[in-house]
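Close look at the chain arrangement
Chain residues, written in single-letter form:
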Amino acid sequence: FLIYRDMFTDTGIRCLATLHKDYGETDIEKIIRYLKKQRLRPEEVRILLDTRDAAKDLAGGRPLTQEELWPRNLQAAHDRYTRMRMEAIDQKKVEKFQEGFTAVLDKYGDLQWTDGDLCIILPKSYAELVQEGNVLRHCVGGYGDSHIKGKDTIFFVRRYRRPERNYYT
């Protein structure tokens, strides 16, 4: 356990526990080999979990295929499922999400700031959050629901002179 804890970090260990609970994964060495093949570090196991969760959401209750569980190109599958997930959201959910983003902006808006070089801002919409993930090539787009529920509060870091340009999340 201690070897794996150091290798995966605390967040990665929680992801492994969720992979075990939700998908029955017990072979940690298989996960490590898969991540190495994907050119990912063990602490990046969250991408595998997020990809499976997105595939599960899109599957509509059917069991996931081996390709969905272990995609040949994990990052491409993650990006594809994130886009598909966003396209599947109906207008009512989009409106509910927007209300949530507005509420977070109202609640935490005072935490936005600049020092003249960098700006810290909140996302204003789900589409903005997904765009951030696509541009910076990470999975922040999948965290819209937890952002509006207050579980995770997401901030964007921007250069003061180019606030429209994605820089860091």
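As the structure is a prediction and not an experimental result, all values here were calculated from the model. (Residues numbered from 1 in each chain as written. Predicted model: local features only at pLDDT ≥ 70, side-chain atom pairs only at ≥ 80, totals over all residues. Heavy atoms only, no water.)

A separate point is the pattern of salt bridges. A complete count under the given rule lists 12 salt bridges for this structure. Of the charged contacts in the structure, one is a salt bridge between Asp-50 and Arg-46, with a shortest N-O distance of 3.0 Å. Of the two residues, Asp-50 and Arg-46 are both situated in helix H3 (residues 46–59); the distance of 4 residues between them amounts to about one turn of the helix. Here Asp-50 falls in the buried class, since its relative accessible area comes to 11%. Overlapping salt bridges, with partners in common, bring together Arg-41, Glu-43 and Glu-44 in one network. (Salt bridge = Lys/Arg side-chain N within 4 Å of Asp/Glu carboxyl O. Helix = DSSP H or I, 4+ residues; strand = E, 2+ residues; numbered from the N terminus. Buried < 20%, exposed > 50% of the residue type's maximum accessible area, 1.4 Å probe, protein only.)

Our next topic: the nonpolar core. One finds Phe-8, Leu-16, Leu-19, Ile-31, Leu-35, Val-45 and Leu-48 to be the most contacted residues of the largest nonpolar core, which totals 24 residues. Among the secondary structure elements, those contributing two or more residues to this core are helix H1 (2–23), helix H2 (28–37), H3 and helix H5 (74–88). Core analysis: the second largest hydrophobic core is formed by 13 residues, Phe-97, Phe-101, Cys-119 and Ile-154 among them. (Core = buried A, V, L, I, M, F, W, Y, C linked by side-chain atoms within 4.5 Å.)

Per the stated rule, a full pass over the model turns up 4 aromatic pairs. A centroid spacing of 4.9 Å and a plane angle of 75 degrees characterise the contact between Tyr-34 and Trp-70, whose relative ring orientation is edge-to-face. Of this pair, Tyr-34 sits in helix H2 while Trp-70 is found in the loop between helix H4 (66–69) and H5, placing the two residues 36 residues apart along the sequence. According to the relative accessible area criterion, Tyr-34 is buried, its value standing at 9%. Ring pairing ties together the aromatic residues Phe-97, Phe-101 and Tyr-126, which thus form one cluster. (Phe/Tyr/Trp six-rings, centres within 6.5 Å; stacked < 30°, edge-to-face > 60°.)

By secondary structure assignment, the location of His-78 is in helix H5. What makes His-78 buried here is its relative accessible area of 5%. Polar contacts involving the side chain of His-78 include one to the side chain of Asp-79, which spans 3.5 Å. Here His-78 is in contact with Ile-47, Asp-50, Thr-51, His-138 and Cys-139, once residues within four sequence places are set aside. (Polar contact = N/O pair within 3.5 Å; in protein donor to acceptor, adjacent residues only side chain to side chain. Contact = heavy atoms within 4.5 Å.)

Spatially, 3 strands are ordered S1-S2-S3 in an open sheet, and the strand pairing comes out antiparallel. The sheet is open, and its two edges are formed by strand S1 (113–114) and strand S3 (156–159), each paired on a single side. Of the pairings in the sheet, the one linking S1 to strand S2 (residues 118–121) comprises 2 bridges and is antiparallel in character. Following the sheet pairing, Trp-113 is matched in S2 by Ile-120. (Pairing = 2+ DSSP bridges.)

A few words on the confidence of the model for the protein. Looking at the protein as a whole, the pLDDT averages 88, with 98% of positions reaching at least 70. The secondary structure element of the protein with the lowest average pLDDT is helix H7 (residues 126–136), at 84, and the one with the highest is S2, at 95. (pLDDT = per-residue confidence, 0-100.)

Take the packing of H1 against H3 next. Packing of H1 against H3 leaves a shortest axis separation of 9 Å and a crossing angle of 30 degrees. As judged from the angle between their axes, H1 and H3 are roughly parallel. Judged by the sense of rotation from one axis to the other, the crossing of H1 with H3 is left-handed. The residues of H3 that touch H1, namely those facing Cys-15, Thr-18, Leu-19 and Tyr-23, are Arg-46, Leu-48, Leu-49, Arg-52, Asp-53 and Lys-56. Residue classes in the contact of H1 with H3 are distributed as 5 nonpolar, 1 polar and 4 charged. (Axes fitted to C-alpha atoms, helices over the stretch in contact; angles between N-to-C directions. Parallel < 35°, antiparallel > 145°, perpendicular 65-115°, else oblique. Left-handed = near helix turned anticlockwise from the far one by under 90°. Nonpolar A, V, L, I, M, F, W, Y, C, P; charged D, E, K, R; others polar.)

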